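Next come the chains, spelled out residue by residue.
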Amino acid sequence: SLEQCYNMMDFESVASRVMKKTAWAYYSSGADDEITMRENHSAFHKIWFRPRILVDVEKVDFSTTMLGTKVDIPFYVTATALGKLGHPEGEVIFTKAAKKHNVIQMIPTLASCSFDQIVDAAEGDQVQWLQLYVNKDRAITKKIIQHAEARGCKGLFITVDAPQLGRREKDMRSKFTEQGSNVQSSSGAVTDNSQGAARAISSFIDPSLSWKDIPWFQSVTKMPIILKGVQCVEDVLQAVEVGVQGVVLSNHGGRQLDFARSGIEVLAEVMPILRDRGLQDKIEIYIDGGVRRATDIIKAMCMGAKGVGIGRPFLFAMSAYGLAGVDKAMQLLKDEMEMNMRLIGCSSIDQLNPSLIDSRALNSHATSVPWDTLSVSSYDPLVS
Ligand code: HOC
């Protein structure tokens, strides 16, 4: 029951049992052997705390700002496709939970609800961002961007890690046929259901997208532009160079290139170089992938992230318990955050800094990811 969910993993466990097999396959799958998907969370296990003691932590405030918006806690609901696979109300559940907890929702291009439904579900001055897959037809892309800006979106997150779809074999095996989604109308997607959900919805995406296109995006919108899916410091430096406002160090939840490094590991590469060059205030650095605990959030903030994106845990909470599930998931993260801030001796986000962690083990690729053969080969081609 919901009362018995004590952490993000509990929601995942319930979702794996209550979701339709095809829907579970789509949400839970990663690319190839799913090494990156598992490493995303395991990488946080290589970072340990160096707490300070005898600090007054009676009052703890973990609010912060992201792209100028004040939020209660340094996470945002990152974009995940096809919310109605998990729950008939789809992404508007995230909108409502994000409002209640005062965090930002990133609206996916490939949402099940229409973009306008998701914006209409927002209340008052609630802030939303747009995640963009760039369509081969730039007129469609321009229309989507300008509509989002007109409807009040405060950030444009362009996905740059998906020129082609990764192989998610669980999803491919489930031969998904999707119903009840308006993906086709909102994104121009072409449908081919024979290779799994992801392939069915992704053929409209432009693989020729390049750095040369960035000035065009800057010319069609005043929204801050953030590149989502950056994976090394060279590309962060180039992002600073072209004048975008942020990057998300992300490997798409381990769903694209297997053996891509975790966001937190890339952060460890990026921040010292940005600081050395005095560029740390020129760009906001976000990470996503594998965030399951407030300690993960705190580690990223200590290393210099501006915030973290959380995707699957909220999808699973929604699939298991609807709005009540997502509400509880967010509250659990807030509760964990308050306690762990106290335990490391910090009463506000600006006190988090690299001296509070020991991340020396992080860049060692003697990875601790358990090799779970079942997760990649539980299907028996002779039987199914
Ligand atoms: C090549 C485009 O983000 C997912 C979604 C949709 C994928 C589109 C990839 O399943 O990861």
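To be clear, the structure that these remarks concern was listed above.
On a predicted model such as this, the values are computed, not experimentally measured, just so you know.

A few words on the packing of aromatic side chains. Summed over the entire model, instances satisfying the criterion amount to 10 aromatic pairs. Seen from their ring centres, Tyr 76 and Trp 129 are 5.1 Å apart, and the 65° between their planes marks the pair as edge-to-face. Placement of the pair is Tyr 76 in strand β4 (residues 75–77) and Trp 129 in strand β6 (residues 128–132), with a sequence separation of 53 residues. Through successive ring pairs, a cluster of aromatic residues spans Tyr 76, Trp 129, Phe 157 and Tyr 286. In this arrangement the basic side chain of Arg 255 is found over the ring face of Tyr 26, its NZ or CZ atom lying 4.8 Å from the centre.

Take unusual backbone geometry next. Non-glycine residue Leu 82 carries a positive phi angle of around 55°. Note on placement: Leu 82 falls in the loop between β4 and α4 (92–101). In the Ramachandran plot, His 252 falls in the positive-phi region, its phi being about 65° despite a non-glycine side chain. Residue class for His 252 comes out buried when judged on its relative accessible area of 14%.

Taken together, Tyr 26, Leu 110, Tyr 133, Ala 162, Gln 164, Leu 165, Arg 168, Ser 202, Ile 205, His 252 and Arg 255 form the complete shell of residues around the ligand. Residue Arg 168 places a side-chain N or O atom 2.8 Å away from an oxygen atom belonging to the ligand. One nitrogen or oxygen atom from the side chain of Arg 255 is found 2.9 Å from an oxygen atom belonging to the ligand. Contact with the protein chains hides 94% of the accessible area of the ligand, taken as 340 Å² for the molecule alone.

Turning to its location among the elements, Asn 340 is positioned in helix α14 (residues 312–344). Judged by its relative accessible area of 14%, Asn 340 falls in the buried class. Beyond its immediate chain neighbours, meaning those up to four positions away, Asn 340 contacts Ala 294, Thr 295 and Ile 298.

We now examine helix α12 (residues 263–276). Given a rise of 1.5 Å per residue, 14 residues ought to cover 20 Å, and the 20 Å separating the end C-alpha atoms of α12 matches this to within 8%. Those residues of α12 not exposed but buried are Gly 263, Ile 264, Glu 265, Val 266, Leu 267, Val 270, Met 271 and Leu 274. At its buried positions, α12 is contacted by α3 (35–42), α11 (233–242), β9 (246–249), β10 (284–288) and α13 (294–303). Once α12 finishes, Gly 278 follows within two positions and takes phi at roughly 65°, a positive value.

To continue, consider the packing of α11 against α12. In contact at an axis separation of 9 Å, α11 and α12 are set at 45° when each is read in the N-to-C sense. In terms of orientation, α11 and α12 fall into the oblique class. Here the hand of the crossing between α11 and α12 comes out right-handed. For the pair α11 and α12, the contacting residues are Val 233, Val 236, Leu 237 and Val 240 in the first and Glu 269, Val 270, Ile 273 and Leu 274 in the second.

A few words on the packing of helix α2 (residues 21–28) against α14. Axis separation between α2 and α14 bottoms out at 11 Å; the angle between their running directions is 165°. Relative to α14, the element α2 lies roughly antiparallel. In the packing of α2 onto α14, the handedness of the crossing is left-handed. The segment α2 lies against α14, with Trp 24, Tyr 27 and Ser 28 engaging Arg 312, Leu 315, Phe 316, Met 318 and Ser 319. Each residue belonging to the contact of α2 with α14 can be placed in one class, and the counts come to 5 nonpolar, 2 polar and 1 charged.

Turning next to the environment of Thr 95. Within the secondary structure, Thr 95 is located in helix α4. Judged by its relative accessible area of 0%, Thr 95 is buried. Through-space distance from the C-alpha of Thr 95 to that of Val 127 is 9.6 Å; in sequence the pair is 32 residues apart.

A separate point is the pairing of β9. Burial along β9 is two-sided: Gly 246 and Val 248 facing one way and Val 247 and Leu 249 facing the other are all buried. Both strand β8 (residues 225–230) and β9 contribute to a ladder of 4 bridges, which runs parallel. Following the sheet pairing, Leu 227 is matched in β9 by Val 247. Taking the sense of rotation as the criterion, the β-α-β connection linking β8, α11 and β9 turns out right-handed. The pairing of β9 with β10 spans 4 bridges and is classified as parallel. Looking at the pairing, Gly 246 lines up with Glu 284 of β10. Taking the sense of rotation as the criterion, the β-α-β connection linking β9, α12 and β10 turns out right-handed.

In this section: the environment of Val 233. Note that Val 233 resides in helix α11. Residue class for Val 233 comes out buried when judged on its relative accessible area of 9%. Between the alpha carbons of Val 233 and Pro 272 there is a distance of 9.9 Å; along the sequence they are 39 residues apart. Setting aside chain neighbours within four positions, we find Val 233 in contact with Glu 269, Val 270 and Ile 273.

Parameters and conventions
Residues numbered from 1 in each chain as written. Predicted model: local features only at pLDDT ≥ 70, side-chain atom pairs only at ≥ 80, totals over all residues. Heavy atoms only, no water. Phe/Tyr/Trp six-rings, centres within 6.5 Å; stacked < 30°, edge-to-face > 60°. Helix = DSSP H or I, 4+ residues; strand = E, 2+ residues; numbered from the N terminus. Lys NZ or Arg CZ within 6 Å of the ring centre and 35° of its normal. Buried < 20%, exposed > 50% of the residue type's maximum accessible area, 1.4 Å probe, protein only. Near = heavy atom within 4 Å. Polar contact = N/O pair within 3.5 Å; in protein donor to acceptor, adjacent residues only side chain to side chain. Areas by Shrake-Rupley, 256 points an atom, 1.4 Å probe, with all protein chains shown as cover. Contact = heavy atoms within 4.5 Å. Expected span 1.5 Å × (residues − 1). Axes fitted to C-alpha atoms, helices over the stretch in contact; angles between N-to-C directions. Parallel < 35°, antiparallel > 145°, perpendicular 65-115°, else oblique. Left-handed = near helix turned anticlockwise from the far one by under 90°. Nonpolar A, V, L, I, M, F, W, Y, C, P; charged D, E, K, R; others polar. Pairing = 2+ DSSP bridges. Right-handed = clockwise from strand over helix to strand, strands pointing away.

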